[in-house]
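Results of the structural survey
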Amino acid sequence: MGKITVLPDTLCNQIAAGEVVERPAAVVKELMENSIDALARRITLDVAQGGRKEIRVVDDGVGMHPDDALLALERHATSKIRTLEDLQAIHSLGFRGEALPSIAAVSRFELTTREAGAVSGTCIHVEGGVIRDVREAGCATGTMITVRDLFFNMPARRKFLRSIDTEMSYISDHFLRLAMANHGIHFQLVHQERTLYDFPQTPGEEQRAGQVLGLETGKKLIPFSVENGPIHMRGFTGQPDLQRSNSQSLFIFVNGRPVWDRTINRAVLSAYESLIPQGKFPAVILFLDLPPGLVDVNVHPTKREVRFKNPGDIIENVRSAVRKSLGESRPLFAPSPIHRSLSEPPIFPHDRDPLIREPQVSFDRPFRGQPSSAGQSSRFRADAFADVEPPRAFSLEPDAPPQQTADGEIPFSQLPVIGQLANCYILLEAGDGLIIIDQHAAHERIIFNSLSLPSPREGAQRLIRSTILDLLPLEAARLRHLLSLLKEVGIEIESFGGDSFVIHSIPAALGDIPPDELVRDLLASAIEGEEAPQWNILNRLAKTAACHKAVRAGQRLKPEEIRALLQDLDRTRFAATCPHGRPVWFKLSHGDIAKFFHRT
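Residues numbered from 1 in each chain as written. Predicted model: local features only at pLDDT ≥ 70, side-chain atom pairs only at ≥ 80, totals over all residues. Heavy atoms only, no water.

**Some remarks on the sheet that holds strand β22 (residues 492-495)**
Paired through backbone hydrogen bonds, the strands of a sheet run either parallel or antiparallel to each other. One open sheet holds the three strands; their spatial order is β21-β23-β22, and the pairing between them is antiparallel. Where the open sheet ends on each side, the last strands, each with one partner, are β21 (460-470) and β22. Direction aside, the axes of adjacent strands within the sheet are offset by 20 degrees on average. Inspection of the sheet shows β21 paired to strand β23 (residues 500-507) by seven bridges, in the antiparallel sense. Each bridged residue has a counterpart across the sheet, and for I468 the counterpart in β23 is V502. (Pairing = 2+ DSSP bridges. Helix = DSSP H or I, 4+ residues; strand = E, 2+ residues; numbered from the N terminus. Axes fitted to C-alpha atoms, helices over the stretch in contact; angles between N-to-C directions.)

Structural data, given as structure tokens:
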């Protein structure tokens, strides 16, 4: 007898289930996508024990004829495609025809469905991939699928499931992403008979974003829409102070499909590179629409990854759209990037902490309390500091009466300067509190913006002794692609044979940085597949130069230097953070100060 045998259908389905059904969240994703494809206007997800015990998805979509319901449980049975041409122009979320039979193969599965106009519906029971019962049933138009005891017949797979809370977090993530992409559908998520999310239909994506992320977060989202040839992008970018510790707030959709694509993620993060700290992530909702022929959605069993025909174009378009949105919508004098109660000690980030032994504060006037009024018990009383007479050092009163911006705020340069704290921080008196500015971070942001657009203006500096650079093959290939671009920004490099190169010059502003470290850093920041990563290189150079040129923490500033710094800061975009993403300033409100002194 030969060694080759044909596997039984049940085993084939279980193998397929191993690719499609990783955990309960994968079941949720497949079933909800089927409901969306079925034109549902209301989808309810009911889960027990994090999906271990039961997952039920109910929709009011078109439903199925009894024959179609039975056929849907066969492998590769689908209503989405018919020919190869259909596969290359997919607009639906599902199309493989593997989900239902794969799920039914590893669970106790029940499908109840009815078409509009039909007298009765159909109910099908499946256990471990074997159909146990088919009968008529009374039910509403649409489809209800119940999945019980997932992996009951695969104990090895079941024991690898995580805790209820962990599995539920994965389910919630898939639920929220599908809800974000379909604002015209009413979504409900119920766990253990408790409603976790209830998102009614909304007229637009902005309202749905507020439902999913919360109203406070929604207020900090900046809408954008960009069209470049066949590529259309729209969505919302979070202000730089809206930072998260993980990437779960990146909502990326390609032709309406939620995806996790490293190429797009890196393009989005590079747009925020000089605005948020390394290790932090922004909140971004991006809808990328392009012709189906430019994207392949058939590269992963669960359809969570895609492949682009021209990834370099996608990278540059996404980064430019996000950066343009941030640049055009950032207010001149925005709310404080950090709001922290005085019950927590403030943190003042800067590049080099000076050795401070006796902090000194210079004042130009006594602290002026605000008169209290009804309903504002946290305000200071007018006589709270009547007897305090701090020493005067210098006066920085504005030359003209303060002029408010369009949003009613007063620019930094028109606020009274109290003084300089520890030669590190500039203290300003605002109408509703105390503003503290990190002088190094502020000057660093000012210089960075002046250097990065359109390119660093420093000339090239010829090295006294050329530097030899030995690279790995992949690094060498990337560097060869960038040689002409690097030369334009003052970095002259030529091949030295094999994967070795010789560095002849670097920008003068970076003369004190080891040339080999500079080039390796630039190579690390270049994105694979990007045709012209010029913005990344110029951004990296400008960031390094700005850090070296900026005034230092611990440097005493003259009154006119403080005023000039504040005026420059008023004219600077993204003034809330330095190029490394750390806060430039924050405000202590009168209410916070009063609370600290128990004057509430």
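Still more to cover.
**Topic: the confidence of the model for the protein chain**
Confidence in the prediction for the protein chain averages 77 pLDDT; 71% of positions are at 70 or higher. Counted against residues more than four places away or in other chains, residues 330-401, with its pLDDT under 50, gives 141 contacts. The low-confidence segment residues 453-457 (pLDDT under 50) makes seven contacts with residues lying over four places distant or belonging to another chain. (pLDDT = per-residue confidence, 0-100. Contact = heavy atoms within 4.5 Å.)

**What to know about helix α7 (residues 164-181)**
With 18 residues, α7 extends 26 Å between its outermost C-alpha atoms, agreeing within 8% with the 26 Å of an ideal straight helix rising 1.5 Å per residue. Among the residues making up α7, those that are buried are E167, M168, I171, S172, F175, L176, R177, L178, A179, M180 and A181. (Expected span 1.5 Å × (residues − 1). Buried < 20%, exposed > 50% of the residue type's maximum accessible area, 1.4 Å probe, protein only.)

**So, the nonpolar core**
As a rule of thumb, soluble globular proteins bury nonpolar side chains together. In terms of nonpolar packing, the biggest core is built from 52 residues, with M32, L45, F109, V147, F187 and I285 touching the most fellow members. In terms of residue count, α7 provides more of this core than any other element does, eight residues in total. Contacts of I285, omitting those with residues within four sequence positions, involve M180, A209, L213, L221, F224, R234, G235, F236, F251 and F253. With 29 residues, the next largest nonpolar core counts M233, V259, I264 and L326 among its residues. (Core = buried A, V, L, I, M, F, W, Y, C linked by side-chain atoms within 4.5 Å.)

**Some remarks on the packing of aromatic side chains**
Following the criterion strictly, the structure yields seven aromatic pairs and no others. Centre to centre, the rings of F175 and F199 are 6.1 Å apart; their planes meet at 35 degrees, and the pair counts as tilted. Placement of F175 in helix α7 and of F199 in strand β8 (residues 194-199) is noted, with a sequence separation of 24 residues between them. Accessibility expressed as a relative area gives 5% for F199, which makes it buried. Ring centres of F412 and W585 lie 5.2 Å apart, and the angle between their planes is 80 degrees; on these two criteria the pair is classed as edge-to-face. (Phe/Tyr/Trp six-rings, centres within 6.5 Å; stacked < 30°, edge-to-face > 60°.)

**Side note on the environment of G256**
Turning to its location among the elements, G256 is positioned in the loop between β12 (250-254) and β13 (257-258). By relative accessible area, which is 30% here, G256 ends up partly exposed. As a C-alpha pair, G256 and M180 span 76 residues in sequence and 9.8 Å in three-dimensional space.

**A look at helix α16 (residues 559-570)**
Between the first and last C-alpha of α16 there are 17 Å, a value that for 12 residues agrees with the 16 Å anticipated at 1.5 Å per step. Residues of α16 that are buried: I562, R563, L565, L566, L569 and D570. Axial view of α16: buried residues confined to an arc of 160 degrees, hence all on one face. (Arc of directions from axis to C-beta.)

**Regarding the sheet that holds β12**
Here five strands make up an open sheet; going across it, the order is β9-β10-β15-β12-β13 and the pairing mixed. Edge positions in the sheet fall to β9 (221-228) and β13, since each has one partner strand and no second. Bridge count between β9 and strand β10 (residues 231-238): eight bridges; the pairing is antiparallel. Paired with V226 across the strands is M233, a residue of β10. In the packing of helix α10 (residues 262-271) onto the sheet, the strands contacted are β12 and β15 (284-289), and the crossing angle to β12 comes to about 130 degrees.

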